[in-house]
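# An overview of the molecular structure
One letter stands for each residue in the lines below.
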Amino acid sequence: MCSSDLGRIDHLLDTDNTSWQDLNINTTAGPTFKSLVTPYIGNFQLPQALKFQLTSSGNLNSFSLDSQIISSGGNINTLGQASLKQSTLTIDLMIDGDQVDVGRIMDVSWLGPVDLTLHAVGNISDETGMTITGQIEKMGISDNQVEHIEIQSDIDVNGVAVTLLIMDPDYRSKINSNIVRKSTVLTSIQTDLSLIPSPPGK
């Protein structure tokens, strides 16, 4: 089910001058949508109930994005700016996740709900380059809850480099992971873990 309020759109057929004001899109994903995307998302499991809301104003050179994904597997809010030039999408977005059930979505039984705040900056194209920074405020792992995990991730055409700095005094550690690919084929995953000594008196 999908509904939209187009607001105001000017010069729709002239892409160099196309602009819009207060574009609103509301979509509810049902079984048909899930069956369509299943071949493309591998082992990822979409929540049973999924609602998407988007508000946008601007033009292709600069437009605002204010979106919400509301689901039984947690909520994600996105706010920021983007632009689309030729085949390159450039983004500067703040992303907030509340009780996102990453374990259920990824079919990883020991991973529980996550609260997070991320800042994503970069471009998506044939020469993708993006930096994601932020913090996982809380994450469930088995029967434990880990807090205050700082994230630094760099994404380019060669793969993904991720650094997780766990500041929780009970689990202080640093995790570096590199996922390397050639074309669309995953070639290697390298991960190392180092423990960070707790400050004196902790």
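First, a word on what this report is: a plain description of the structure on this page. (Residues numbered from 1 in each chain as written. Predicted model: local features only at pLDDT ≥ 70, side-chain atom pairs only at ≥ 80, totals over all residues. Heavy atoms only, no water.)

Looking only at helices and strands, one finds two helices and 13 strands in the protein. With 202 residues in all, the protein has 27% of them scored as buried. Partitioning the contacts of the protein with sequence separation of at least 6, the portion at a separation of at least 24 is 29%. When the accessible surface of the protein is split by element, carbon and sulfur atoms take 56% of a total near 13,000 Å². (Helix = DSSP H or I, 4+ residues; strand = E, 2+ residues; numbered from the N terminus. Buried < 20%, exposed > 50% of the residue type's maximum accessible area, 1.4 Å probe, protein only. Contact = heavy atoms within 4.5 Å. Areas by Shrake-Rupley, 256 points an atom, 1.4 Å probe, with all protein chains shown as cover.)

The next point concerns the pattern of salt bridges. Any two side chains of opposite charge can pair if their charged atoms end up close together. Counted under the stated rule, the structure contains two salt bridges. Between Arg 104 and Asp 101 there is a salt bridge whose closest N-O contact spans 3.6 Å. Residue class for Arg 104 comes out partly exposed when judged on its relative accessible area of 45%. Between Asp 115 and Lys 138 there is a salt bridge, and its shortest N-O distance comes to 3.6 Å. Here Asp 115, found in strand 8 (residues 111-124), pairs with Lys 138, found in strand 9 (residues 129-141); they are 23 residues apart in sequence, far enough to count as distant. For Asp 115, a relative accessible area of 8% translates into the label buried. (Salt bridge = Lys/Arg side-chain N within 4 Å of Asp/Glu carboxyl O.)

Its boundaries defined by the atoms lining it, the largest pocket holds a volume of some 1,800 Å³. As for the largest pocket, its lining consists of 44 residues, and the residues nearest its centre are Val 102, Met 106, Leu 116, Leu 118 and Ile 151. Counting residues per element, the lining of the largest pocket draws most heavily on strand 8, at six residues. Reported here for the second largest pocket is a volume of approximately 290 Å³. If you go around the second largest pocket, you meet 16 residues; those closest to its centre are Leu 46, Pro 47, Leu 50, Ile 69 and Ser 71. The residue inventory of the lining of the second largest pocket, partitioned by class, reads eleven nonpolar, five polar and no charged. (1 Å grid on protein atoms, 1.4 Å probe; cavity = no way out; pocket = protein on both sides within 12 Å on 5 of 7 lines; lining within 4 Å. Points joined across faces, edges and corners; volume = space filled by probe spheres on them. Nonpolar A, V, L, I, M, F, W, Y, C, P; charged D, E, K, R; others polar.)

Here we take up the pairing of strand 4 (residues 50-59). As judged from the nine bridges shared by strand 3 (residues 19-29) and strand 4, these two strands associate in the antiparallel manner. By the bridge assignment for strand 4, Leu 23 is matched with Ser 56. By the bridge criterion, eight bridges tie strand 4 to strand 5 (residues 62-71) in an arrangement that is antiparallel. Paired with Asn 59 across the strands is Ser 62, a residue of strand 5. Taken together, strand 4 and the strand that follows it, strand 5, pair antiparallel across an intervening segment of two residues. (Pairing = 2+ DSSP bridges.)

Here the focus is the environment of Asp 143. Of note, Asp 143 is situated in the loop between strand 9 and strand 10 (144-156). Accessibility expressed as a relative area gives 80% for Asp 143, which makes it exposed. The sequence separation of Asp 143 and Leu 111 amounts to 32 residues, and the corresponding C-alpha distance is 9.2 Å.

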